[in-house]
Amino acid sequence: MNVTTLLIILLVGAFATYFSGDKWAPKVALLFGLTAFAGTICLLSQYNLGQEINYTKLWISKPNISFALQADGLSLAMLLLTTALTPIIIYSSFGNTYKNSKAFYALILFMTFAMAGTFLASDGLLYYIFWELSLIPIYFIALIWGNGDAEERKKAVVKFFIYTLAGSLFMLVAFIYLYQKAGSFLINDLTQLKLSSTEQFWIFLAFFLAYAIKIPLIPFHTWQAEVYQKAPTVGTMLLSGIMLKMGLYSVIRWQLPIAPLAAKEYMDVFIILGIAGVIYGSIVALRQKDLKKLLAYSSLAHVGLIAAGSYTLTLDGFRGAVLQMIAHGFVVTGLFLVAEIIFRRYETRKISEMGGIRAQSPKFTSMFMILVLASVALPSTFNFVGEFTVLYSLSQVNIWFSLLGGTTIILGAYYMLKMFQHVMLGETNVRLFADVTFNEGLCLVIIIAVLFFFGMYPKPIIDLITPSLENILTQVNRFNQVK
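So, how was this worked out
- Residues numbered from 1 in each chain as written.
- Predicted model: local features only at pLDDT ≥ 70, side-chain atom pairs only at ≥ 80, totals over all residues.
- Heavy atoms only, no water.
- UniProt positions renumbered as here; feature names shortened; annotations may be inferred.
- Phe/Tyr/Trp six-rings, centres within 6.5 Å; stacked < 30°, edge-to-face > 60°.
- Buried < 20%, exposed > 50% of the residue type's maximum accessible area, 1.4 Å probe, protein only.
- Helix = DSSP H or I, 4+ residues; strand = E, 2+ residues; numbered from the N terminus.
- Lys NZ or Arg CZ within 6 Å of the ring centre and 35° of its normal.
- Axes fitted to C-alpha atoms, helices over the stretch in contact; angles between N-to-C directions.
- Parallel < 35°, antiparallel > 145°, perpendicular 65-115°, else oblique.
- Contact = heavy atoms within 4.5 Å.
- Nonpolar A, V, L, I, M, F, W, Y, C, P; charged D, E, K, R; others polar.
- Pairing = 2+ DSSP bridges.
- 1 Å grid on protein atoms, 1.4 Å probe; cavity = no way out; pocket = protein on both sides within 12 Å on 5 of 7 lines; lining within 4 Å.
- Points joined across faces, edges and corners; volume = space filled by probe spheres on them.
- Core = buried A, V, L, I, M, F, W, Y, C linked by side-chain atoms within 4.5 Å.
- Polar contact = N/O pair within 3.5 Å; in protein donor to acceptor, adjacent residues only side chain to side chain.
- Salt bridge = Lys/Arg side-chain N within 4 Å of Asp/Glu carboxyl O.
- Expected span 1.5 Å × (residues − 1).

The name an unreviewed UniProt entry assigns to the chain is NADH-quinone oxidoreductase subunit M, from the organism Flavobacterium soyangense. Database annotation for the chain, UniProt heading Sequence similarities (unreviewed entry): "Belongs to the complex I subunit 4 family."

Put into structure tokens, the structure is as follows:
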């Protein structure tokens, strides 16, 4: 299977969904989402057989731009996350009714197409195009189908769009400068450049602004909570489960190998920024009264730890970060689905108006509890593997980094269990809570199964990503400085 086939499936799926009409759009989108996942499994099989999975064709001769795609272990891991979560997210939305659903589901597939392209692109300008394309669908999804007051929603979404677009422009300037030096946008050519320490500092900073906003890291996080709250839950799942991973992935794939001297010189600064996000996100989550906002700040804390692991410049740090990206993608999608299931029945996201659900729906309560425990990295869950590996990598740099980063487990356990207590326990709620439907239950069961399976047996993913991460680490450590 050619690597471009996966992108074609998603792009054709977006158009097919739109032209299928409102009635058939959800089913058509789900079909193409599952087909894309099957395509990713085919690419994985080829990779395991030792076949090279890349595609390079000259796109524009002047300037020298190639349509270059490459699927190594790291890219495949992110593709698996993207194409596995997309059908789950689509299927979970079947409990809602959307006006102009053909456009809604078409935008979901188009966004998946752009995110998959970002993970596959090995030409800098092509990567930038996919990066920006992914922003357009989520803008319209959040703006048109979002929650709450229309004016407030518009302000939040426009702020997010402008903020992320502005950050990306710095990255574009960096790519243009690198092209002038290398005469190419291909990542292999860019990583071979002999840049001075000053040049690397500015390149590193330009990339950092784009990625810190997308992830987000503090103090670039101000758009996140409002957009997560105002977007429809499907949009929030796409943002938190997949889209923010673009920034974390790009730190490892692009930023660190191109500007390793700056990364080493300012390592402590960026690790501290990540850990600050852990502590800040956890403390603010404690004060939230809205369930989606609490989960948004919880996500901020988790991605701060992932970023800190990435900037350790160690194999354990890279590996832990990627494992935690995938684990976080599944668990945060499950948690936002839980919030949506409750909203469908009670039409509120205020924690104070919930409670007493356990007595009416013990199965749902059990599944929610498992997701909460996975979120706080209970041993035997996937999140534990990632968080432990990241904390171990931080201890290799400085034991205090590891101790401070570990507050995510302590604080996370406190605010997540406190939230669970207020939402699910207590006296039986006077309002009826209908038990979960088949599609809601199936989505939650699949997510929980993934979290337990890879929590018990992470070896397949570790074996998949390690060779690629070793190659990247070699590029970081063997860079020759030109003074």
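Below, the discussion takes up the packing of aromatic side chains. Following the criterion strictly, the structure yields 39 aromatic pairs and no others. Ring centres of Tyr-139 and Phe-140 lie 5.1 Å apart, and the angle between their planes is 80°; on these two criteria the pair is classed as edge-to-face. On the basis of relative accessible area, Phe-140 is assigned to the partly exposed category, the value being 35%. Each ring, one from Phe-175 and one from Phe-207, has its centre 5.2 Å from the other, and the planes form 85°; the classification is edge-to-face. In this pair, Phe-175 sits in helix H7 (residues 150-182) while Phe-207 sits in helix H9 (residues 197-214), placing the two residues 32 residues apart along the sequence. By way of ring pairs, the aromatic residues Tyr-127, Trp-131, Phe-175, Phe-207, Tyr-211 and Trp-254 are connected into one cluster. Lying over the aromatic face of Phe-433, Arg-345 brings its terminal NZ or CZ to 5.2 Å of the ring centre. Above the face of the Phe-343 ring, Arg-349 is positioned so that its terminal group lies 3.9 Å from the ring centre.

Two elements in contact, helix H5 (residues 124-133) and helix H6 (residues 135-145), have axes separated by 4 Å at closest approach and are oriented at 5°. As judged from the angle between their axes, H5 and H6 are roughly parallel. Residue-level contacts link Trp-131, Glu-132 and Leu-133 of H5 to Leu-135, Ile-136 and Pro-137 of H6. Partitioned by chemical class, the residues of the contact of H5 with H6 number 5 nonpolar, no polar and 1 charged.

The next subject is the pairing of strand E1 (residues 54-60). Alignment of E1 against strand E2 (residues 65-70), held across 6 bridges, turns out to be antiparallel. For Tyr-55, the partnering residue across the bridge sits in E2 and is Leu-69. The hairpin formed by E1 and E2 contains 4 residues between the paired strands.

Right, let's talk about the layout of surface pockets for a bit. Taken as a whole, the largest pocket spans an internal volume of roughly 540 Å³. Around the largest pocket, the lining is made up of 25 residues, and of these Phe-37, Leu-80, Ala-84, Phe-330 and Val-450 lie nearest the centre. Only helix H2 (21-48), helix H3 (73-92), helix H15 (315-346), helix H20 (438-456) and helix H21 (459-477) provide two or more residues apiece to the lining of the largest pocket. When its residues are assigned to classes, the lining of the largest pocket shows 23 nonpolar, 1 polar and 1 charged. Of the pockets and cavities examined, the second largest pocket occupies roughly 430 Å³. Forming the boundary of the second largest pocket are 25 residues, of which Gln-70, Asp-72, Arg-253, Ser-468 and Asn-471 lie nearest the centre. Elements supplying a minimum of two residues to the lining of the second largest pocket: helix H4 (101-120), helix H8 (187-190), helix H11 (233-258) and H21. The class makeup of the residues in the lining of the second largest pocket is 11 nonpolar, 11 polar and 3 charged.

A few words now on the nonpolar core. Ranked by internal contacts, the top residues of the largest apolar core, which has 179 residues, are Tyr-211, Phe-330, Ile-342 and Phe-364. The leading source of residues in this core is H15, at 18 residues. Non-local contacts of Phe-330, meaning those with residues more than four positions away in its chain, are made with Leu-81, Ala-84, Leu-85, Ile-88, Ile-447, Val-450 and Leu-451.

Within the secondary structure layout, Thr-233 lies in helix H11. Thr-233 sits in the buried class, given a relative accessible area of 5%. In terms of polar contacts, Thr-233 uses its side chain to reach the side chain of Glu-340, at 2.5 Å. Dropping the residues within four chain positions of it, Thr-233 is found in contact with Lys-292, Phe-336, Glu-340 and Arg-349.

Within the secondary structure layout, Leu-469 lies in helix H21. Once the C-alpha coordinates of Leu-469 and Gly-317 are considered, the two residues, 152 residues apart in sequence, prove to be 9.9 Å apart. In this structure Leu-469 touches Leu-74, Ile-252, Leu-315, Phe-318, Arg-319 and Val-322, once residues within four positions along its chain are discounted.

We now examine the pattern of salt bridges. Under the criterion given, the structure shown has 10 salt bridges. Lys-293 is the salt-bridge partner of Glu-226, the closest N and O atoms lying 3.0 Å from each other. A residue pair is termed long-range when its members are at least 10 positions apart, and Glu-226 in helix H10 (residues 224-230) and Lys-293 in helix H14 (residues 291-310) qualify at 67 residues. In this structure Glu-226 comes out as partly exposed when scored by relative accessible area, which is 30%. Classification of Lys-293 as buried rests on a relative accessible area of 18%.

UniProt's feature table lists "domain: NADH:quinone oxidoreductase/Mrp antiporter transmembrane" (unreviewed entry) at residues 122-407, given in the numbering used throughout. Between the first and last C-alpha atoms of residues 122-407 the distance is 37 Å; the span itself is 79% helix and 0% strand.

What follows covers H20. Working note: α-helix, 3.6 residues per turn, so residues spaced by three or four point in the same direction. A rise of 1.5 Å per residue sets the reference length of H20, with its 19 residues, at 27 Å; its end C-alpha atoms lie 27 Å apart and thus fit the reference within 8%. Listing the buried residues of H20 in full gives Asn-439, Glu-440, Gly-441, Cys-443, Leu-444, Ile-447, Ile-448, Val-450, Leu-451, Phe-454 and Gly-455. The inward-facing, buried residues of H20 abut H3, H15, helix H16 (362-375), helix H17 (382-397) and H21.

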